[in-house]
Amino acid sequence: MRILVTGGAGFIGSQYVRTLLTGGYPGYAGSRVTVLDKLTYSGNRANLDPVAADPALTFVEGDICDAALVDELMPGHDAVVHFAAETHVDRSIRGASEFVTTNVLGTQTLLDAALRAGVGRFLHVSTDEVYGSIAEGSWTEDWPLAPNSPYAAAKAGSDLLALAYHRTHKLDVVVTRCSNNYGPYQFPEKVIPLFVTNLLDGGTVPLYGDGGNIRDWLHVADHCVGIQLALEKGRSGEVYHIGGGAELTNRELTEELLRATGRDWSAVRMVEDRKGHDRRYSLSIDKISDELGYAPAVGFAEGIAATVAWYRDNRSWWEPLKAKAAL
Ligand SMILES: NC(=O)c1ccc[n+]([C@@H]2O[C@H](COP(=O)([O-])OP(=O)(O)OC[C@H]3O[C@@H](n4cnc5c(N)ncnc54)[C@H](O)[C@@H]3O)[C@@H](O)[C@H]2O)c1
(Lines give C-alpha, C1' and ligand atoms only; values in the text may rest on other atoms or scores of the structure.)
Protein backbone atom coordinates (compact mmCIF):
# COMPACT_ATOMS: atom_id res chain seq x y z
CA MET A 1 0.00 0.00 0.00
CA ARG A 2 1.08 3.59 -0.61
CA ILE A 3 -0.46 5.99 1.88
CA LEU A 4 -0.46 9.78 1.72
CA VAL A 5 -0.59 11.16 5.26
CA THR A 6 -1.28 14.88 5.60
CA GLY A 7 -0.19 16.54 8.83
CA GLY A 8 2.09 13.57 9.56
CA ALA A 9 4.54 15.74 11.51
CA GLY A 10 1.87 16.76 14.04
CA PHE A 11 0.86 15.08 17.28
CA ILE A 12 -1.61 12.46 16.04
CA GLY A 13 -0.35 12.15 12.45
CA SER A 14 3.17 11.34 13.63
CA GLN A 15 1.83 8.70 16.06
CA TYR A 16 0.03 7.13 13.11
CA VAL A 17 3.11 7.19 10.85
CA ARG A 18 5.50 5.89 13.54
CA THR A 19 3.11 3.03 14.31
CA LEU A 20 2.45 2.18 10.66
CA LEU A 21 6.13 2.10 9.73
CA THR A 22 7.11 -0.01 12.74
CA GLY A 23 4.59 -2.74 11.93
CA GLY A 24 1.88 -1.69 14.37
CA TYR A 25 -0.91 -2.23 11.82
CA PRO A 26 -0.24 -5.77 10.53
CA GLY A 27 -2.66 -5.48 7.59
CA TYR A 28 -0.53 -2.61 6.27
CA ALA A 29 2.93 -4.08 6.92
CA GLY A 30 5.38 -3.06 4.21
CA SER A 31 3.42 0.06 3.28
CA ARG A 32 5.12 3.13 1.89
CA VAL A 33 4.17 6.48 3.36
CA THR A 34 4.32 9.99 1.95
CA VAL A 35 3.93 12.68 4.61
CA LEU A 36 2.74 16.07 3.36
CA ASP A 37 3.14 18.67 6.09
CA LYS A 38 3.55 22.45 6.05
CA LEU A 39 5.50 22.38 9.33
CA THR A 40 3.45 25.12 10.93
CA TYR A 41 4.25 26.03 14.56
CA SER A 42 2.73 22.68 15.66
CA GLY A 43 4.39 20.51 13.00
CA ASN A 44 7.79 19.16 13.90
CA ARG A 45 10.17 16.92 11.92
CA ALA A 46 11.51 15.62 15.25
CA ASN A 47 8.16 13.86 15.79
CA LEU A 48 9.18 11.49 13.00
CA ASP A 49 12.78 10.97 14.19
CA PRO A 50 12.18 7.34 15.24
CA VAL A 51 11.32 6.44 11.61
CA ALA A 52 13.24 9.16 9.74
CA ALA A 53 15.80 6.72 8.32
CA ASP A 54 13.14 4.31 7.02
CA PRO A 55 13.32 4.21 3.19
CA ALA A 56 9.54 3.61 3.17
CA LEU A 57 9.02 7.20 4.39
CA THR A 58 9.04 10.19 2.05
CA PHE A 59 8.65 13.58 3.68
CA VAL A 60 7.34 16.51 1.65
CA GLU A 61 7.22 19.96 3.22
CA GLY A 62 4.24 21.70 1.65
CA ASP A 63 0.76 23.09 2.01
CA ILE A 64 -2.43 21.09 1.46
CA CYS A 65 -3.87 24.28 -0.11
CA ASP A 66 -1.21 24.14 -2.87
CA ALA A 67 -3.28 22.51 -5.63
CA ALA A 68 -0.34 22.02 -8.01
CA LEU A 69 1.74 20.27 -5.36
CA VAL A 70 -1.17 18.13 -4.18
CA ASP A 71 -1.99 17.14 -7.78
CA GLU A 72 1.61 16.14 -8.32
CA LEU A 73 1.80 14.06 -5.14
CA MET A 74 -1.56 12.29 -5.18
CA PRO A 75 -1.23 9.83 -8.15
CA GLY A 76 0.02 6.38 -7.19
CA HIS A 77 -1.34 6.49 -3.65
CA ASP A 78 -3.88 3.88 -2.57
CA ALA A 79 -5.26 5.91 0.32
CA VAL A 80 -5.14 9.32 1.98
CA VAL A 81 -5.23 9.75 5.75
CA HIS A 82 -5.96 13.41 6.29
CA PHE A 83 -4.83 14.86 9.63
CA ALA A 84 -3.52 18.29 8.54
CA ALA A 85 -5.44 21.12 10.18
CA GLU A 86 -5.18 24.17 12.35
CA THR A 87 -6.19 22.62 15.66
CA HIS A 88 -6.06 24.93 18.66
CA VAL A 89 -9.44 26.35 19.75
CA ASP A 90 -7.94 29.34 21.59
CA ARG A 91 -5.98 30.37 18.48
CA SER A 92 -9.18 30.12 16.40
CA ILE A 93 -10.87 32.54 18.81
CA ARG A 94 -8.02 35.04 18.35
CA GLY A 95 -8.11 34.70 14.54
CA ALA A 96 -10.10 32.29 12.36
CA SER A 97 -8.70 32.95 8.90
CA GLU A 98 -6.03 30.24 8.82
CA PHE A 99 -8.56 27.78 10.23
CA VAL A 100 -10.93 28.34 7.33
CA THR A 101 -8.11 28.31 4.79
CA THR A 102 -6.39 25.13 5.91
CA ASN A 103 -9.30 23.15 7.29
CA VAL A 104 -11.90 23.95 4.63
CA LEU A 105 -10.02 24.99 1.47
CA GLY A 106 -7.14 22.62 2.17
CA THR A 107 -9.52 19.67 2.54
CA GLN A 108 -11.38 20.61 -0.64
CA THR A 109 -8.06 20.82 -2.50
CA LEU A 110 -7.15 17.32 -1.32
CA LEU A 111 -10.57 15.89 -2.16
CA ASP A 112 -10.41 17.28 -5.71
CA ALA A 113 -6.91 15.92 -6.22
CA ALA A 114 -7.92 12.50 -4.81
CA LEU A 115 -10.82 12.40 -7.24
CA ARG A 116 -8.65 13.33 -10.21
CA ALA A 117 -5.95 10.81 -9.28
CA GLY A 118 -8.41 8.00 -8.57
CA VAL A 119 -6.95 7.15 -5.16
CA GLY A 120 -8.74 4.51 -3.15
CA ARG A 121 -9.97 5.48 0.28
CA PHE A 122 -9.92 9.04 1.70
CA LEU A 123 -9.97 8.91 5.51
CA HIS A 124 -10.90 12.30 6.94
CA VAL A 125 -9.94 12.80 10.58
CA SER A 126 -12.58 14.90 12.32
CA THR A 127 -13.52 15.74 15.89
CA ASP A 128 -16.36 15.47 18.42
CA GLU A 129 -16.26 19.29 18.64
CA VAL A 130 -18.37 19.49 15.44
CA TYR A 131 -21.44 18.60 17.54
CA GLY A 132 -21.17 21.52 19.97
CA SER A 133 -22.02 20.61 23.56
CA ILE A 134 -24.27 17.94 25.10
CA ALA A 135 -25.68 18.17 28.66
CA GLU A 136 -26.44 14.48 29.06
CA GLY A 137 -26.30 11.28 27.03
CA SER A 138 -23.92 10.77 24.11
CA TRP A 139 -23.89 11.76 20.45
CA THR A 140 -24.50 9.17 17.78
CA GLU A 141 -23.03 9.58 14.29
CA ASP A 142 -26.29 10.95 12.83
CA TRP A 143 -26.55 13.79 15.36
CA PRO A 144 -26.88 17.29 13.80
CA LEU A 145 -23.67 19.32 13.76
CA ALA A 146 -23.76 22.53 15.84
CA PRO A 147 -20.15 23.69 16.25
CA ASN A 148 -19.45 26.64 18.54
CA SER A 149 -15.78 27.65 18.10
CA PRO A 150 -14.31 28.79 14.78
CA TYR A 151 -12.03 25.71 14.98
CA ALA A 152 -15.01 23.38 15.33
CA ALA A 153 -16.95 25.20 12.59
CA ALA A 154 -14.05 24.91 10.16
CA LYS A 155 -13.66 21.21 11.02
CA ALA A 156 -17.41 20.73 10.49
CA GLY A 157 -17.05 22.37 7.07
CA SER A 158 -14.28 19.99 6.07
CA ASP A 159 -16.11 16.98 7.52
CA LEU A 160 -19.27 17.79 5.52
CA LEU A 161 -17.26 18.45 2.36
CA ALA A 162 -15.64 15.04 2.63
CA LEU A 163 -19.05 13.38 2.98
CA ALA A 164 -20.41 15.47 0.09
CA TYR A 165 -17.60 14.20 -2.18
CA HIS A 166 -18.74 10.68 -1.38
CA ARG A 167 -22.39 11.41 -2.15
CA THR A 168 -21.76 13.61 -5.20
CA HIS A 169 -18.69 12.05 -6.78
CA LYS A 170 -18.68 8.54 -5.22
CA LEU A 171 -15.23 9.18 -3.76
CA ASP A 172 -14.51 6.45 -1.21
CA VAL A 173 -14.64 8.64 1.90
CA VAL A 174 -14.74 7.59 5.55
CA VAL A 175 -14.94 10.19 8.35
CA THR A 176 -13.82 9.57 11.92
CA ARG A 177 -14.80 11.89 14.78
CA CYS A 178 -12.70 11.53 17.90
CA SER A 179 -12.71 12.85 21.44
CA ASN A 180 -9.79 14.68 23.11
CA ASN A 181 -6.42 13.00 22.70
CA TYR A 182 -3.39 12.92 24.98
CA GLY A 183 0.01 11.26 24.78
CA PRO A 184 3.62 11.94 23.78
CA TYR A 185 4.64 14.56 21.18
CA GLN A 186 1.58 16.83 21.75
CA PHE A 187 2.41 20.49 21.24
CA PRO A 188 2.65 22.04 24.72
CA GLU A 189 -0.10 24.63 24.21
CA LYS A 190 -2.79 21.94 24.64
CA VAL A 191 -4.05 21.43 28.18
CA ILE A 192 -2.37 18.16 29.18
CA PRO A 193 1.16 18.87 27.94
CA LEU A 194 0.86 22.54 29.02
CA PHE A 195 -0.15 21.56 32.54
CA VAL A 196 2.36 18.71 32.81
CA THR A 197 5.33 20.76 31.60
CA ASN A 198 4.39 23.79 33.74
CA LEU A 199 4.00 21.55 36.78
CA LEU A 200 7.30 19.74 36.11
CA ASP A 201 8.96 23.16 35.93
CA GLY A 202 7.53 24.19 39.32
CA GLY A 203 5.17 26.69 37.65
CA THR A 204 1.41 27.26 37.82
CA VAL A 205 -1.43 26.15 35.55
CA PRO A 206 -4.51 28.12 34.38
CA LEU A 207 -7.89 26.43 34.95
CA TYR A 208 -10.76 27.88 32.90
CA GLY A 209 -14.00 29.04 34.54
CA ASP A 210 -15.32 26.78 37.30
CA GLY A 211 -13.29 23.78 36.04
CA GLY A 212 -16.52 21.86 35.45
CA ASN A 213 -16.22 21.39 31.67
CA ILE A 214 -16.20 17.71 30.76
CA ARG A 215 -14.06 16.01 28.12
CA ASP A 216 -13.51 12.37 27.17
CA TRP A 217 -9.75 11.75 27.18
CA LEU A 218 -8.41 9.12 24.82
CA HIS A 219 -4.82 8.00 24.42
CA VAL A 220 -3.49 8.92 20.97
CA ALA A 221 -2.51 5.30 20.28
CA ASP A 222 -6.17 4.26 20.65
CA HIS A 223 -7.28 7.05 18.31
CA CYS A 224 -4.89 5.79 15.65
CA VAL A 225 -6.06 2.18 16.11
CA GLY A 226 -9.60 3.42 15.45
CA ILE A 227 -8.48 5.33 12.36
CA GLN A 228 -6.73 2.25 11.00
CA LEU A 229 -9.82 0.07 11.58
CA ALA A 230 -11.98 2.63 9.76
CA LEU A 231 -9.44 2.81 6.94
CA GLU A 232 -9.25 -0.96 6.52
CA LYS A 233 -12.81 -2.04 7.28
CA GLY A 234 -15.12 0.98 7.54
CA ARG A 235 -18.03 1.28 5.14
CA SER A 236 -17.67 3.90 2.43
CA GLY A 237 -19.52 7.16 3.11
CA GLU A 238 -19.89 6.42 6.82
CA VAL A 239 -18.91 8.33 9.94
CA TYR A 240 -17.33 6.48 12.90
CA HIS A 241 -16.83 7.82 16.40
CA ILE A 242 -13.58 7.06 18.21
CA GLY A 243 -13.54 7.60 21.95
CA GLY A 244 -14.21 5.68 25.10
CA GLY A 245 -11.30 6.91 27.15
CA ALA A 246 -12.28 8.64 30.39
CA GLU A 247 -14.87 11.38 30.90
CA LEU A 248 -13.47 13.88 33.37
CA THR A 249 -14.16 17.45 34.42
CA ASN A 250 -11.19 19.76 33.93
CA ARG A 251 -10.98 19.93 37.72
CA GLU A 252 -10.68 16.11 37.92
CA LEU A 253 -8.11 16.13 35.12
CA THR A 254 -6.10 18.78 36.98
CA GLU A 255 -6.25 16.70 40.16
CA GLU A 256 -4.81 13.69 38.26
CA LEU A 257 -2.01 15.80 36.79
CA LEU A 258 -1.16 17.36 40.16
CA ARG A 259 -0.95 13.88 41.65
CA ALA A 260 1.18 12.54 38.79
CA THR A 261 3.66 15.42 39.09
CA GLY A 262 3.73 15.55 42.90
CA ARG A 263 2.20 19.06 43.07
CA ASP A 264 -0.88 20.45 44.89
CA TRP A 265 -3.73 22.93 44.31
CA SER A 266 -1.54 25.92 45.19
CA ALA A 267 -0.15 25.48 41.64
CA VAL A 268 -3.58 26.16 40.08
CA ARG A 269 -4.76 29.62 38.94
CA MET A 270 -8.49 29.97 38.22
CA VAL A 271 -8.81 32.11 35.07
CA GLU A 272 -11.69 33.63 33.12
CA ASP A 273 -13.58 31.04 31.07
CA ARG A 274 -12.84 30.52 27.38
CA LYS A 275 -15.38 32.32 25.14
CA GLY A 276 -18.11 29.98 23.91
CA HIS A 277 -16.62 27.16 26.00
CA ASP A 278 -18.45 23.89 25.29
CA ARG A 279 -19.58 22.36 28.58
CA ARG A 280 -19.51 18.68 27.78
CA TYR A 281 -18.54 16.37 24.92
CA SER A 282 -19.63 12.74 24.86
CA LEU A 283 -19.50 10.28 21.96
CA SER A 284 -21.28 6.97 21.65
CA ILE A 285 -18.76 4.45 20.29
CA ASP A 286 -21.29 1.66 19.76
CA LYS A 287 -21.03 1.81 15.96
CA ILE A 288 -17.26 1.37 15.64
CA SER A 289 -17.25 -1.19 18.46
CA ASP A 290 -20.05 -3.31 16.96
CA GLU A 291 -19.05 -3.01 13.29
CA LEU A 292 -15.27 -2.88 13.42
CA GLY A 293 -14.40 -4.42 16.80
CA TYR A 294 -12.85 -1.24 18.21
CA ALA A 295 -12.09 -1.01 21.92
CA PRO A 296 -9.69 1.42 23.59
CA ALA A 297 -6.76 -0.44 25.13
CA VAL A 298 -4.96 2.21 27.17
CA GLY A 299 -6.50 2.89 30.61
CA PHE A 300 -6.47 6.54 31.68
CA ALA A 301 -4.33 6.08 34.81
CA GLU A 302 -1.76 4.02 32.92
CA GLY A 303 -1.82 6.38 29.90
CA ILE A 304 -1.38 9.51 32.01
CA ALA A 305 1.46 7.98 34.01
CA ALA A 306 3.28 7.04 30.78
CA THR A 307 2.59 10.48 29.29
CA VAL A 308 3.91 12.36 32.32
CA ALA A 309 6.99 10.11 32.29
CA TRP A 310 7.51 10.88 28.60
CA TYR A 311 7.44 14.67 29.16
CA ARG A 312 9.73 14.24 32.18
CA ASP A 313 12.22 12.28 30.05
CA ASN A 314 11.99 14.41 26.90
CA ARG A 315 12.68 17.97 27.96
CA SER A 316 14.88 18.45 24.89
CA TRP A 317 11.73 17.95 22.76
CA TRP A 318 9.41 20.42 24.49
CA GLU A 319 11.63 23.09 26.06
CA PRO A 320 12.56 24.74 22.74
CA LEU A 321 8.91 24.61 21.59
CA LYS A 322 7.67 26.35 24.73
CA ALA A 323 10.42 28.95 24.56
CA LYS A 324 9.68 29.71 20.89
CA ALA A 325 5.92 29.92 21.41
CA ALA A 326 6.40 31.89 24.69
CA LEU A 327 4.08 29.49 26.53
N1 LIG B 1 -5.78 16.64 19.30
C2 LIG B 1 -7.00 16.16 19.51
O3 LIG B 1 -7.40 15.95 20.66
C4 LIG B 1 -7.91 15.83 18.34
C5 LIG B 1 -9.13 15.20 18.59
C6 LIG B 1 -9.96 14.88 17.51
C7 LIG B 1 -9.57 15.17 16.21
N8 LIG B 1 -8.36 15.82 16.00
C9 LIG B 1 -7.97 16.10 14.61
O10 LIG B 1 -6.80 15.35 14.36
C11 LIG B 1 -5.99 16.03 13.40
C12 LIG B 1 -4.58 16.16 13.93
O13 LIG B 1 -4.61 16.89 15.16
P14 LIG B 1 -3.29 17.11 16.02
O15 LIG B 1 -3.72 17.25 17.43
O16 LIG B 1 -2.27 16.10 15.66
O17 LIG B 1 -2.84 18.54 15.49
P18 LIG B 1 -1.39 19.21 15.41
O19 LIG B 1 -1.67 20.68 15.48
O20 LIG B 1 -0.45 18.60 16.38
O21 LIG B 1 -0.86 18.81 13.95
C22 LIG B 1 -1.36 19.40 12.78
C23 LIG B 1 -0.34 19.13 11.68
O24 LIG B 1 -0.88 19.65 10.46
C25 LIG B 1 0.13 20.40 9.81
N26 LIG B 1 -0.51 21.43 8.98
C27 LIG B 1 -1.23 22.49 9.41
N28 LIG B 1 -1.64 23.23 8.37
C29 LIG B 1 -1.19 22.61 7.24
C30 LIG B 1 -1.29 22.87 5.86
N31 LIG B 1 -1.96 23.95 5.41
N32 LIG B 1 -0.73 22.01 4.98
C33 LIG B 1 -0.04 20.91 5.43
N34 LIG B 1 0.11 20.63 6.73
C35 LIG B 1 -0.45 21.46 7.63
C36 LIG B 1 0.96 20.98 10.92
O37 LIG B 1 2.27 21.38 10.49
C38 LIG B 1 0.99 19.83 11.92
O39 LIG B 1 2.05 18.94 11.63
C40 LIG B 1 -6.68 17.36 13.13
O41 LIG B 1 -7.42 17.26 11.94
C42 LIG B 1 -7.60 17.54 14.34
O43 LIG B 1 -8.72 18.33 14.02
C44 LIG B 1 -7.53 16.16 17.04
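In the nomenclature of an unreviewed UniProt entry, the protein chain corresponds to dTDP-glucose 4,6-dehydratase from the organism Virgisporangium aliadipatigenens. Note on the protein chain: under the UniProt heading Sequence similarities (unreviewed entry), the record states "Belongs to the NAD(P)-dependent epimerase/dehydratase family. dTDP-glucose dehydratase subfamily." As its UniProt record puts it under Cofactor (unreviewed entry), the protein chain is described as follows: "NAD(+)".

K.L.:
Hey, could you go over the environment of Gly212 for me, with residue numbers and the actual values?
P.N.:
For Gly212, the location among the structural elements is in the loop between strand S8 (205–208) and strand S9 (214–219). A tally of 13 C-beta atoms within 10 Å means that Gly212 is categorised as partly exposed. As a C-alpha pair, Gly212 and Arg167 span 45 residues in sequence and 39 Å in three-dimensional space. Discounting residues that sit within four places of it in the chain, Gly212 has contacts with Thr249 and Arg251.

K.L.:
Residue-level account of the nonpolar core, with values.
P.N.:
Residues Val5, Val80, Val81, Ala114, Phe122 and Leu123 are the most contacted members of the largest nonpolar core, which totals 85 residues. Of all the elements, helix H7 (residues 220–233) adds the most residues to this core, at eight residues. Not counting residues within four places of it along the chain, the set of residues in contact with Leu123 comprises Ala79, Val80, Val81, His82, Val174, Thr176, Ile227, Ala230 and Leu231.

K.L.:
Please set out the pairing of S8 residue by residue, giving values where relevant.
P.N.:
Alternating residues of S8 divide into Val205 and Leu207, all buried, and Pro206 and Tyr208, none buried. Here S8 pairs with strand S12 (residues 268–271) via four bridges, running parallel. Bridging from a neighbouring strand, Pro206 pairs with Arg269 of S12.

K.L.:
Give a description of the site of the ligand that names residues and reports values.
P.N.:
Taken together, 31 residues surround the ligand, and among them Gly7, Gly10, Ser42, Gly43 and Ala85 come closest. Per-element tally for the shell around the ligand: the top contributor is helix H1 (residues 11–21), with three residues.

K.L.:
Break down the sheet that holds strand S7 (residues 180–182) for me, citing the residues and quoting the values.
P.N.:
What the three strands build is an open sheet, ordered S7-S9-S11; its pairing is mixed. The open sheet has two free edges, formed respectively by S7 and strand S11 (246–249), since each of these has just one partner strand. Pairs of neighbouring strands in the sheet enclose a mean axial angle of 45°, with direction left out of account.

K.L.:
Describe the packing of helix H6 (residues 191–200) against helix H8 (residues 250–261), listing the residues and the values that go with them.
P.N.:
The description of two packed helices rests on the angle between their axes and on the distance between the axes. Look at H6 against H8: their axes get within 10 Å of each other, and the N-to-C directions meet at 35°. By crossing handedness, the relation of H6 to H8 is classed as right-handed. Every residue of H8 that contacts H6 at Phe195, Val196, Leu199 and Leu200 is listed here: Thr254, Leu257, Leu258 and Thr261.

K.L.:
If you had to explain the packing of H1 against H7 to someone new, which residues and values would you point to?
P.N.:
Interhelical geometry of H1 versus H7 gives an angle of 70° and a closest axis separation of 9 Å. When the interaxial angle is binned, H1 and H7 end up roughly perpendicular. When you trace H1 past H7, the crossing you get is right-handed. Together, Phe11, Ile12, Gln15, Tyr16 and Thr19 of H1 and Val220, Ala221, His223, Cys224 and Ile227 of H7 make up the contact between the two elements.

K.L.:
Just give me the short version of the UniProt feature "domain: NAD(P)-binding" (unreviewed entry) in the protein chain, but keep the residues and values in it.
P.N.:
UniProt marks residues 4–306 with the feature "domain: NAD(P)-binding" (unreviewed entry), using the numbering shown here. Span residues 4–306 is 38% helix and 18% strand, its end C-alpha atoms 29 Å apart.

K.L.:
Requested: an account of the environment of Val298, with residues and values cited.
P.N.:
You can see Val298 is positioned in the loop between helix H9 (286–292) and helix H10 (300–313). When the 19 C-beta atoms within 10 Å are taken as the criterion, Val298 is described as partly exposed. Between the alpha carbons of Val298 and Ser316 there is a distance of 26 Å; along the sequence they are 18 residues apart. When near neighbours in sequence (up to four residues on either side) are disregarded, Val298 contacts His219, Ala221, Asp222 and Gly303.

Procedures and definitions
- Residues numbered from 1 in each chain as written.
- Predicted model: local features only at pLDDT ≥ 70, side-chain atom pairs only at ≥ 80, totals over all residues.
- UniProt positions renumbered as here; feature names shortened; annotations may be inferred.
- Helix = DSSP H or I, 4+ residues; strand = E, 2+ residues; numbered from the N terminus.
- Buried ≥ 20, exposed ≤ 12 C-beta atoms within 10 Å, placed from the backbone.
- Contact = placed C-beta atoms within 7 Å.
- Core = buried A, V, L, I, M, F, W, Y, C linked by C-beta atoms within 7 Å.
- Pairing = 2+ DSSP bridges.
- Near = placed C-beta within 6 Å.
- Axes fitted to C-alpha atoms, helices over the stretch in contact; angles between N-to-C directions.
- Left-handed = near helix turned anticlockwise from the far one by under 90°.
- Parallel < 35°, antiparallel > 145°, perpendicular 65-115°, else oblique.

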